[in-house]
Every structure is written in C-alpha cells, then in structure tokens.
Protein chains: 2
Amino acid sequence: MNKPPRRPMTLRDVSEASGVSEMTVSRVLRNKGDVSAATRVKVQEAAKRLGYVPNRIAGSLASSHVNLVAVIIPSLKNMVFPEVLSGISESLDGTALQPVFGVTEYRPEKEEKVLFEMLSWRPAGVIIAGLEHSDPSRAMLAQAGIPVVEIMDTDGEAIDACVGISHRRAGREMAEAILAAGYRKIGFMGTQMPLDHRARKRFEGFTRTLAKSGVEITDHEFYAGGSALTKGREMTQAMLARHPDLDFLYYSNDMIGAGGLMYLLDQKIDVPGQIGLAGFNGVELLAGLPRRLATMDACRFEIGACAANIIAKRVAGEDPGPSLVQLTPRIDFGDTLVRK
Amino acid sequence: MNKPPRRPMTLRDVSEASGVSEMTVSRVLRNKGDVSAATRVKVQEAAKRLGYVPNRIAGSLASSHVNLVAVIIPSLKNMVFPEVLSGISESLDGTALQPVFGVTEYRPEKEEKVLFEMLSWRPAGVIIAGLEHSDPSRAMLAQAGIPVVEIMDTDGEAIDACVGISHRRAGREMAEAILAAGYRKIGFMGTQMPLDHRARKRFEGFTRTLAKSGVEITDHEFYAGGSALTKGREMTQAMLARHPDLDFLYYSNDMIGAGGLMYLLDQKIDVPGQIGLAGFNGVELLAGLPRRLATMDACRFEIGACAANIIAKRVAGEDPGPSLVQLTPRIDFGDTLVRK
DNA sequence: GTGAAAGCGCTAACAT
DNA sequence: ATGTTAGCGCTTTCAC
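Rules used in this analysis
Residues numbered from 1 in each chain as written. Chains lettered and ligands numbered in written order. Predicted model: local features only at pLDDT ≥ 70, side-chain atom pairs only at ≥ 80, totals over all residues. Heavy atoms only, no water. Domains from an automatic or database assignment. Near = heavy atom within 4 Å. Polar contact = N/O pair within 3.5 Å; in protein donor to acceptor, adjacent residues only side chain to side chain. Helix = DSSP H or I, 4+ residues; strand = E, 2+ residues; numbered from the N terminus. Phe/Tyr/Trp six-rings, centres within 6.5 Å; stacked < 30°, edge-to-face > 60°. Buried < 20%, exposed > 50% of the residue type's maximum accessible area, 1.4 Å probe, protein only. Lys NZ or Arg CZ within 6 Å of the ring centre and 35° of its normal. Axes fitted to C-alpha atoms, helices over the stretch in contact; angles between N-to-C directions. Parallel < 35°, antiparallel > 145°, perpendicular 65-115°, else oblique. Left-handed = near helix turned anticlockwise from the far one by under 90°. Contact = heavy atoms within 4.5 Å. Nonpolar A, V, L, I, M, F, W, Y, C, P; charged D, E, K, R; others polar.

Naming follows an unreviewed UniProt entry, where chain A appears as Transcriptional regulator, LacI family of Loktanella salsilacus.

Put into structure tokens, the structure is as follows:
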C-alpha cells in the first residue's frame, strides 16, 4: 500500500516516471504539438498510473489562458436562474470552457464583491444577469478586457453584449391583451423587490399601457418570503376581499399566479368568466394544473444557451453574431385570459 | 479619456503608481504584516484609482492556497440541488471560501470529467453528491489531500466525511407509516433513473419493508422527462385504470405526487379516504395546494450548510465535528396519509 | 516597517 | 520529435 503523497504531484513526477522531459509530457497531456506515438503512450500510461491531475493554476498563469466563464445571477431559489444556468452549461458542454457561478442575492454590493472575486480568476468571459450594476461593477466589467454578456433584460444600456427580452414590452403586451379581452378592473400582485429590475420594468410597462387607455390598476400588493403558492392564495383572497369587483389579476410570477388560481377554483369562482388571470415566466410546472394559467415565456434556457454561445464564439475568435439579441416571447393565453 | 489598458494590470502598476514596493503593496492588499497607516492609504488609493483586480491565479500559485470549494451535483433542473447550493453558499458566506459548481447529469463519466476539471484548480475542499462514484473518481478524491464531503445520502461507505439522510430508512419509514395507517394495495411511481441511487434506495427500503409484512406493491411505473406535475397526473390515471382497487400511491418526488393529487381531486376521488398519497422531499411549493401531500423532508438546505461548514472548519484547522452527520427527517403526514 | 531574491508549476518560444 | 530557457504575477523568506 502506497500512502498518498503529501506533496501534490507535478509534471516533473510524470516526467521522471516516464523518462520523458517535462515539456513533452506537457505536450502529450494537452494534445499539443507533434509527439511520437510511442512517447505519447508512455506518458499517458505514467500519468494514469500516478493519477496525475494537472495544475491549471500554474498552467493558466504560464499561458495566460483561463477556461472559466464567470456567471453571475441574483439567486438560486427562483427556478428561473437554474434554468438559465442549464442553458449555459449545455451550451458550453462541447467547448473547453467551464462555467463558474456566483450569486448576488439581488444586492449590488454583493454583486460587486462576487464580480471582483470572479474577475480575480481572470475568466475568459462574464455572463451577468441584468443591465443595472453599480459604477464600480460597470468599471470592472469594462476594464476586464473580456467578453461580457448581460442577460435576461434588454431594456437599458449594455456594456458589451446583451441577450434577453424586454420586460417593459412584456408588461405592455400583457396589458394590451387584457384590455383587448375586455377586462377593466385589474389587480396586480408581485414580489416586494425594489432591486428586481425586471419585475419592476414589467410592472411599469403594464401600468403605463393601461394608463394610455385610461385604466388605472385598482389594487396592487407586494409580498416577500414564504411559499409563493401560499402567498398567491393569501394575497388573492385579501385583494378580492378589498375589491370584490376585480375582473383581472396579473401576477408577477407564475407561482403566485398558480396559488391565486387554486384559491379561485376552491372558491368556485368562474375563471376566466368572472375573473381572468395571468402570470409570468412560462414555468413548465404549470402544465399539470387543473387550468392552464395565462403566462409569457421568459426564454430562460434559450437566453443562457445564447449567451454562452456568444462567449464561446468570441473566445474562439469566431464571429459571435449581433451583440444585442432580443428574444420576443409570445403570450400563452392558457385557459385564464380569454375574451369575455 | 484613457483607453482601457490591453495588458491586464499587475501589482507592479500599483507599486509604480503609489511609489511603494510591490511587496508592500501586496501586504496592504491582503492585510498581512505590519504596514504603516500612511503607506496603507497610499496603496489603497492607488489600487482603487487604477481599478486594480488582483490575479488570484498568480497568488494561489505562489502561496499554494486556493479559496475555492468544488461542489459537484447531478442536476440543476431539480429544485433539490439549487437548495443544497443555497445552503452551501450561505454557510460559506462569512468565510474567504467560494463555491464553484459542476453538474454531472447523473452520469458517472461526466462526474469523472467534472471532478478532474475541478481538482485541477486545486480547490480547498470538495462537496459531492452521493456515495457512488467510479473507481477513478474515488481515487482522485482520496488522493487529492483535501477535505471531501459526500452529501445527501448516508447509505454507503464515505471516502472522508458525509452529511445526509438514509434514503433506505426514508423508504422504510414511509412504508411503515402506510402499513400502520391500514393501506395494503400500494402503487409506486418514480423517475426512470437507474443512476439516481437515492431514489433507488428509497424504493428498495420501501419495498423490502412492505415485503416483511407480506405486502407486495401492486403496480409501479417509472417516467422520464416532461413536466413532473403532468407526468404525475398521467401516470396516476393510467395506474388507476390498471388497478382501480389501489388504496395508496407512493411517489418518489413531491412534484409527481402533486400531479397525482390534482388528478384525484379533479376526479372527485376521496383522498385519503379511498386513496392515500405520499411524496418525498418536502418541497415548500406544495404548501399552497388544496390538500397537503404527505411527504418527508430531505433536509436539503441543512445538508448544504452542514457540509460547507465541515469544509470551512477543516480548512481553518478547527475541529469539524463528527465526519458522519446523519440527519433524520420526520414524516409530514399532511392531509393525504391518515389512518383509515 | 520595508525591500530584494527566489520560486510556485506550468507553457511559449526558441533551440536542436 | 524532443529538449532548454525564461518567465507568467504573485507570495514566501529572509535581510535590513
């Protein structure tokens, strides 16, 4: 039985074990340059036998190439972001690039910290949620000299590239659909998140469009914490108690919308006859509900995949295509938003 | 307007800008060693003005200290894992350590690749889901000379430390509860995942315990892909069509369980009078459903937090506590598993 | 309290 | 096809 070596293994160990120079070992392990088949085999065997794991820290320092892509998102608790990550992960799968994730909790200071931390590893690119960043954050991104893709939102000024949807437009289109369907007494429910700029923009797009038609939302409520489904239930109940004459409820996400839907069905309220409903995100989950909630897909997976693709292309020196990719989600009317 | 420098900034730039030696600049930036207040201020100002971001690749190579913790999980699509990540992330928040995530898609080869990739960054520790790994993976982990915490499952042989629950026991306890409640004609539904060892162990614990009481499951079905809620619906419908006399349905996760519950409620079937139901995971989501599905908490957040804690303690040289932490989830009977 | 020298483990560039 | 040399940007160690 060999004890595991205390000193981590180096190229030199493989070199000695195989009787081949460090340089050639390095070449074999990276499939770079011409190496004779015989040497190649000798080296590979030695490396495998020893269980050699290269030290990328040294490698990256020497080559000034890093195969990391920094990905910065607000949260992991909202399924939206894991889905974006999946898109990134899958899109990067064929390449040598590797995603590294950081979470900001919707806090600009935390974003700054995480960004600094990640940039200190000199990643090959950055994918970051949103267009709103502190000045130091923007400065860091601009200075980094690497591709930066801001994702999820296109309403604003991008530093470099941008992939997402217009949340103002999403709010606007939902408002238009609701008005077109004949609803007029409208309530809004959303998360209490001053720093969730995308939710804010949807809300703004929504209320402004209503205003243009002379409609003002009758009631609105914002929540924080707790199970979204439960909150949707509770808020819906409370809002209808305050305004029994409401004929439409727009929810800033599908989860609370689903909660509201469940409540209304429990109460035997006619949906969408008496009250119409809509959410946002197009979460796959909802497909199994008794009635399909109207919603709008946020293109989460696609956004991740496309952003990663831009980074990969740029790193490879290929043409990454346009630096602004605006996806245009369509309304899914489901069963809860229909002409009265 | 200054153009962003093409050559990334180094300590030397800060040194020159501040008139202080590189060495002292380094000390200031790391709060190490004695530096006069005057010099400290000079350096900090220069660093800030220039927007200097240290190069941790060089730093880590020189110091052979890396502040990364590798976290390896099967998937991001199942909310369970983002929750574990949140636990890790929060637990590491006070420390200098930073989590780095890799996804295996439940495939041992991919796990091996991801592990190799991550170990090549010489992380300070590894947190990895499950106890089942390929021989090369186990060898890498054992050789790495860093703390390794295997999480989520305690049924097996850990390489180093282990934090999780016993899924066999979870299956067993659920079986016992179901039998105690008087149910006898039992159906099982789960994911078609030969490589999801935890689901497999729950199933084994479940069926073995039933067998001890002379009960064999009447029917079972495994699904792959699609919306879990929808699948739960469909499978439940199909299974009841095959066996209308079933009196209990055990689902390997809460999502398909919720789908089943919705179907049964739609059909006006008496739950839990005619049929009892149980899921697994304790997903917060379900709190808003019309009836609370019986379930068992998988302690996801807690597992992540505890694992991260062990790594942090070990890295800090403190006592990490016992190397096997077995959490014991209790059954939440909800409204769907009650004595008949 | 500060600085100079050496070297972390690897790879680019240049031999041979 | 293989080896040699220099150095990536920082920190450790030791000197002052």
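## A look at the domain arrangement of chain A
One can read the domain layout of chain A as domain 1 (1-52), domain 2 (60-166 + 301-326) and domain 3 (167-297). Computed from C-alpha coordinates alone, the two centres of domain 1 of chain A and domain 2 of chain A are separated by 35 Å.

## With respect to the protein's contact with DNA strand D
DNA strand D sits among 22 residues. The nearest are T39 of chain A together with L11, M23, S26 and Y52 of chain B. At 3.1 Å, a side-chain N or O of T24 of chain A approaches a phosphate oxygen of DNA strand D. Within the contact set of DNA strand D, a base nitrogen lies 3.3 Å away from a backbone nitrogen or oxygen of A58 of chain B. Contributions of two or more residues to the surface near DNA strand D are made by α2 (22-30) and α4 (56-63) of chain A together with α2 (22-30) and α4 (56-63) of chain B.

## Observations concerning the packing of aromatic side chains
All names here are of chain A. In the structure shown here, the tally under the stated rule is 17 aromatic pairs over all chains. Centre to centre, the rings of F203 and F222 are 5.7 Å apart; their planes meet at 85 degrees, and the pair counts as edge-to-face. You can see F203 sitting in helix α9 (residues 197-212) and its partner F222 sitting in strand β7 (residues 219-223), a full 19 residues away along the chain. F222 gets classed as partly exposed once you look at its relative accessible area, which sits at 31%. Every member of this aromatic cluster is reached through a ring pair, and the members are F188, F203, F206, F222 and Y250. For the cation-ring pair, R202 lies above F280, with the distance from its terminal atom to the ring centre recorded as 3.9 Å.

## Quick look at the packing of helix α10 (residues 228-242) of chain B against helix α11 (residues 254-266) of chain B
Residue and element names in this part refer to chain B. Remark: α10 packs on α11, axes separated minimally by 6 Å, with the N-to-C direction vectors making an angle of 55 degrees. In this view, α10 runs oblique relative to α11, as classed from their interaxial angle. Two packed elements cross with a definite hand, and for α10 against α11 that hand is right-handed. Between α10 and α11, the residues in contact are A228, L229, K231, G232, R233, M235, T236, Q237 and L240 and M255, I256, A258, G259, G260, M262, Y263, L264 and D266, respectively. When grouped by side-chain class, the residues that make up the contact of α10 with α11 number ten nonpolar, five polar and three charged.

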